[in-house]
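Each chain, letter by letter, is given below.
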Amino acid sequence: MKEDLEKIAERRKKWEDGPLKKAMSRFPYLKEPPTRFYTPLDIPDFEFLEKVGFPGEYPFTAGTYPTEPLAGLAKLAAMARKGTIPAAGGLTRAGMYSGYGRAEDTRDFYKQRISRGGRAGPNLAFDLPTQCGYDSDNPLVEGEVGKVGVCVDTLRDLEVIYEPYQGELDLDKIASNFTINAPANIFIAMYCALAEKRGIAMEKLRATPQNDILKEFIARGTYIFPPRPSMRLFRDSLVFITKYLPNVNITSIGGYHIREAGATREQDLAFSMAIAISYLQVGVDAGLDVDSFAPRFTFNAFGGSMEFFKEVAFQRAARRMYARILRERFGAKDPRSMLIRQPITAHSGPSSTTRQRPLNNLTRTVVGAMAGALSGGPPAAFPPYDEPLGLGWSLEASQLMEDVGRILTCEAKLLEYSDPFTGSYLMESLTGEIEGAAWEELERIEAMGGAVAAIENGYLQREIARSAHERQKRIEEGRDLIVGVNCFTGEQELEVTTSRLVPHPYNPERREQAEKEQIRSLQEVKRSRDNRAVAQLLRDLKEAAKKEDENLIPKFIECAKAYVTEQEMCDVLREVFGEFKPSAI
């Protein structure tokens, strides 16, 4: 092999000095070749079983599962056409991210979805006041209620949202997702309280709270309490879910949000792994065996970008890196603990979409979907092309998004082959490069004391801000080209649009009226509840919060059943924990 590499190196030198140099002389404006050719010299130490292995086996480079579940979609589609599709089975999943206005608005949206044949549970988007622990009647949040998601002040709102989910769609037969972080434990408690009111045992619930608070400090910004009290709350949910909610995921770690905030690909991977390590360590420090809770960790997504090959390599590197961390650092023995479970793998990402010529976003997401299919996951054309045009996706855009995945699966048959780039000089080299850079960054963070310490000293925030600034500068200077934004923008270019076939699923008039109506209903809840009991429950919660070892979720459940508001609970915790004040970057 060494002799072969020497021969290849000799031939490459001749090629570079001969044909390549001659070709470059025709293009004097190019300082270096615009393309790169990979050879065995780029992966001299490649060992298949060590670096790749088989799909569904350590180190999971080739795929999380032995076969992609959606690979049978073509057969299912044919059976559905003949009316012979078998009884429902397989995976229970929540639907697409959704929610707006007040509870009644989102309830009616779900009613419409069910009437069109939808069977998936809610995947709730909450408005900013809810995400930040404020009630709708707080003057501080005036103008924000119901704008970027649904407002939920008390259990009453959750009861209304879930009115369509009864009978064969009751809480024990669906899965729900909650995109909520700082007050995640309150919403876990509300869901348990809702189940209790319906006579459903909490161990039958299926749900995924995002519950990824560390990412909020560096990316999305919907934090409330400082990092260390926030990690105490994460410990409470991890322990409670492990003990009482066997079908509920503990967290959905959001590397995707980190990238959307401006992080580079390597930072996205390193920062996500550092955050995951912090969460895993919390469970171990609580006295739990890592294999008792790690299988309930999920990832929202990583990425994405339009760099096709690098996004495929990124997913392969992420799976290998996470598996190694679980086995070598935490001593996990159960292979399920080592899996990166995520709804989508490679994709183009919302930050790759543009308001200019928005229909081009469909082309962009097709590229991302193809990368997903070739990176060990489903072909997810996410997001719908009208992502940058406002809250919620049109049904037309959602239809096109779904059809992309169907076409790539049923017609292009991209899922017939697992990890087709295995052994590719290009792909194995890129995978190693991305993983190596991420390990270097992760070791830098660990030397600071881990993700929490790197948040407290502002390192993670500064690095993301720097990367975001550098990317924007490249776009403005034309070094990164975006069609319709900084190139191909002449008067002869056409602004292609589509026809609106059905009304937008989010009623703009109802969204505008949501704040006034929500405040009225919240005031009614406060008048009709037992306020003496509420005061006592809040006193009990405050005393419990002062005790580091006490799990607060049982207290939250009792508060929820008494219609204590989210802000009332959060304000008690603000008194005990304080509020996070970000340092200037």
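Everything here concerns the structure above.
Residues numbered from 1 in each chain as written. Predicted model: local features only at pLDDT ≥ 70, side-chain atom pairs only at ≥ 80, totals over all residues. Heavy atoms only, no water.

**Things to note about the pattern of salt bridges**
Moving on, step 1. Under the defined criterion, the tally for this structure stands at 49 salt bridges.
Moving on, step 2. With its nearest N and O atoms 3.0 Å apart, the salt bridge here joins E196 to K561. Placement of the pair is E196 in helix α7 (residues 184–197) and K561 in helix α21 (residues 553–561), with a sequence separation of 365 residues.
Moving on, step 3. Look at E196 and you get partly exposed, because its relative accessible area is 46%.
Moving on, step 4. On the accessibility criterion, K561 (28% relative accessible area) is partly exposed.
Moving on, step 5. The salt bridge partner of K542 is E575, with a shortest N-O separation of 2.7 Å. Placement of the pair is K542 in helix α20 (residues 531–545) and E575 in helix α22 (residues 566–577), with a sequence separation of 33 residues. (Salt bridge = Lys/Arg side-chain N within 4 Å of Asp/Glu carboxyl O. Helix = DSSP H or I, 4+ residues; strand = E, 2+ residues; numbered from the N terminus. Buried < 20%, exposed > 50% of the residue type's maximum accessible area, 1.4 Å probe, protein only.)

**Let's talk about the layout of surface pockets**
Moving on, step 1. Counted as a void, the second largest pocket has a volume near 940 Å³.
Moving on, step 2. Lining of the second largest pocket is provided by 31 residues; of these, S305, E307, R471, R474 and D480 occupy positions nearest its centre.
Moving on, step 3. Of all the secondary structure elements, the ones that give two or more residues to the lining of the second largest pocket are α10 (255–260), α11 (265–285), α14 (360–373) and α18 (459–476).
Moving on, step 4. When residues of the lining of the second largest pocket are assigned to their parent elements, the largest contribution, 7 residues, is made by α18.
Moving on, step 5. Classifying every residue of the lining of the second largest pocket by side-chain character gives 8 nonpolar, 12 polar and 11 charged. (1 Å grid on protein atoms, 1.4 Å probe; cavity = no way out; pocket = protein on both sides within 12 Å on 5 of 7 lines; lining within 4 Å. Points joined across faces, edges and corners; volume = space filled by probe spheres on them. Nonpolar A, V, L, I, M, F, W, Y, C, P; charged D, E, K, R; others polar.)

**Observations concerning the pairing of strand β2 (residues 121–125)**
Moving on, step 1. The buried fraction of β2 amounts to 5 of the 5 residues, a majority that puts the element mostly inside the structure.
Moving on, step 2. The handedness of the strand β1 (residues 94–98) to β2 crossover, carried by helix α4 (residues 103–115), is right-handed.
Moving on, step 3. Here β2 pairs with strand β3 (residues 175–179) via 3 bridges, running parallel. Bridge assignment links N123 to a residue of β3, and that residue is N177. (Right-handed = clockwise from strand over helix to strand, strands pointing away. Pairing = 2+ DSSP bridges.)

**Section: the pairing of strand β4 (residues 206–209)**
Moving on, step 1. Pairing analysis gives 4 bridges linking β3 to β4, with the strands arranged parallel. Along β4, the bridge assignment pairs A175 with R206.
Moving on, step 2. For the crossover that starts at β3, traverses α7 and ends in the parallel β4, the hand is right-handed.

**Things to note about unusual backbone geometry**
Moving on, step 1. Looking along the chain, the bond that leaves Y58 and enters P59 is cis, with omega of 10°.
Moving on, step 2. With respect to the helices and strands, the residue P59 is situated in the loop between α2 (48–51) and α3 (73–82).
Moving on, step 3. In this model, F382 is joined to P383 through a cis peptide bond whose omega is 0°.
Moving on, step 4. Looking at where P383 falls in the secondary structure, it is placed in the loop between α14 and α15 (395–411).
Moving on, step 5. Although it is not a glycine, F60 sits at a positive phi angle of roughly 65°.

**Thoughts on empty space enclosed by the protein**
Moving on, step 1. Evaluated as defined, the whole model comprises 5 cavities of 30 Å³ or more.
Moving on, step 2. E68, G376, G377, S418 and D419 are the residues nearest the centre of the largest cavity, which is lined by 17 residues in total.
Moving on, step 3. Here the residues of the lining of the largest cavity are counted per class, giving 9 nonpolar, 6 polar and 2 charged.

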